[in-house]
Amino acid sequence: MRPEDGEAEAAAGAGLDADRERLARTSTAERVADILRDRITDGYFRPGTQLIEEKVTDALGISRNTLREAFQLLAHERLLVRRPNRGVFVREITATDVVDIYRARRLLQCAAVRTVTRSPVGLDAAECAVSDAEAAARRGAWDQVGTADVRFHQAITALGGSRRVDELMRSIGAELRLVFHTMTDTRGFHEPYLSANRRILDLLRAGDGPEAERLLTAYLNDAEAALLAHLQGPA
């Protein structure tokens, strides 16, 4: 086993003990899936990380059957993959995935901000995410900037008021976080979008949804191109 493989396996239980409190006495696979999805979004589980059943069940205090149901849910969301005779792993995102992720983001996010014509209620989560990203950038914590960026885009999509869309964006955000892990120059990738997120937030506060949509569209196009260039390598 390579040293990095051992580190990845050890990481599979990292921080999960504290999440026991999130599980009600009647734990469900959906709640477990929520926790694991959040851990992917927060950057704890990187692409290729193996999730060891024994470690996760011990950390969360759940049964293997419950965990396996949660694994199936996350596999359906394209976040996990089961490899025969090897186990369950966090998926590694491809260029084809990125194209589809950004197609979905343009459909969902641009629609959510397009109709904003006055300062909407519910921007606190977006403000918190932008502030967290700016604070992380000052510390040089660029992985945390990536996590905050995902939270920001989930928050502005929530302006659409659809629980189903929110659930879809949580899954998309987790996939996107896995893409961010592949970037070697995380500062070079994330830094330009700090000011763009702040500008989009200001436009939404001012009730200028059409201009926010225009900026968001250009933003998503640029981000997709940068990620594809990285994943595909030199022409």
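Structure: see above.
Residues numbered from 1 in each chain as written. Predicted model: local features only at pLDDT ≥ 70, side-chain atom pairs only at ≥ 80, totals over all residues. Heavy atoms only, no water.

Q: What should I look at first to understand the sheet that holds strand β2 (residues 80-83) in this one?
A: The strands that make up a sheet are held in pairs by hydrogen bonds between backbone atoms, and each pair lies either parallel or antiparallel. An order of β1-β3-β2 is seen for the three strands of this open sheet, with the pairing classed as antiparallel. Across the chains shown, the open sheet's two edge strands, defined by having one partner strand only, are β1 (50-51) and β2. One ladder, built from four bridges, connects β2 with strand β3 (residues 87-90); its direction is antiparallel. For R82, the partnering residue across the bridge sits in β3 and is V88. Packing of helix α4 (residues 64-76) onto the sheet brings it into contact with β1, β2 and β3, and relative to β2 it is tilted by some 115°. (Pairing = 2+ DSSP bridges. Helix = DSSP H or I, 4+ residues; strand = E, 2+ residues; numbered from the N terminus. Contact = heavy atoms within 4.5 Å. Axes fitted to C-alpha atoms, helices over the stretch in contact; angles between N-to-C directions.)

Q: What exactly am I supposed to notice about the pairing of β3 here?
A: Residues in a regular strand point their side chains to alternate faces of the sheet. Direction of pairing for β1 relative to β3: antiparallel, over a ladder of two bridges. Its bridge partner lying in β3, Q50 is registered against F89. Adjacent in sequence and paired antiparallel, β2 and β3 are bridged by three residues, among which N85 carries a positive phi angle near 65°.

Q: Would you take a moment to explain the layout of surface pockets for this structure?
A: By rolling a water-sized probe across the atoms, one finds the places where empty space is left. In this structure, the second largest pocket spans a volume of roughly 180 Å³. Taken together, D34, R37, H76, E77, R78, E167, L168, R170 and S171 make up the full set of residues lining the second largest pocket. Where the lining of the second largest pocket is concerned, the elements lending two or more residues are α2 (29-41) and α8 (163-180). Of the residues contributing to the lining of the second largest pocket, the split by class is one nonpolar, two polar and six charged. (1 Å grid on protein atoms, 1.4 Å probe; cavity = no way out; pocket = protein on both sides within 12 Å on 5 of 7 lines; lining within 4 Å. Points joined across faces, edges and corners; volume = space filled by probe spheres on them. Nonpolar A, V, L, I, M, F, W, Y, C, P; charged D, E, K, R; others polar.)

Q: Any chance you could explain the packing of aromatic side chains here in plain terms?
A: For any two aromatic rings, the description comes down to two numbers: the centre-to-centre distance and the angle of the planes. Under the criterion given, the structure shown has three aromatic pairs. For the ring pair Y193 and Y219, a centre distance of 4.7 Å and an interplane angle of 50° mean the geometry is tilted. Taken together, the residues span a long stretch of sequence, with Y193 in helix α9 (residues 186-205) and Y219 in helix α10 (residues 209-232) at a distance of 26 residues. Under the relative-accessibility criterion, Y219 is labelled buried at 5%. Here the aromatic cluster, defined as three or more aromatic residues joined through ring pairs, consists of F180, F189, Y193 and Y219. The aromatic ring of Y44 is capped on one face by R39, whose charged end is 4.3 Å from the ring centroid. Sitting over the ring of F89, R83 keeps its end group 4.3 Å from the ring centre. (Phe/Tyr/Trp six-rings, centres within 6.5 Å; stacked < 30°, edge-to-face > 60°. Buried < 20%, exposed > 50% of the residue type's maximum accessible area, 1.4 Å probe, protein only. Lys NZ or Arg CZ within 6 Å of the ring centre and 35° of its normal.)

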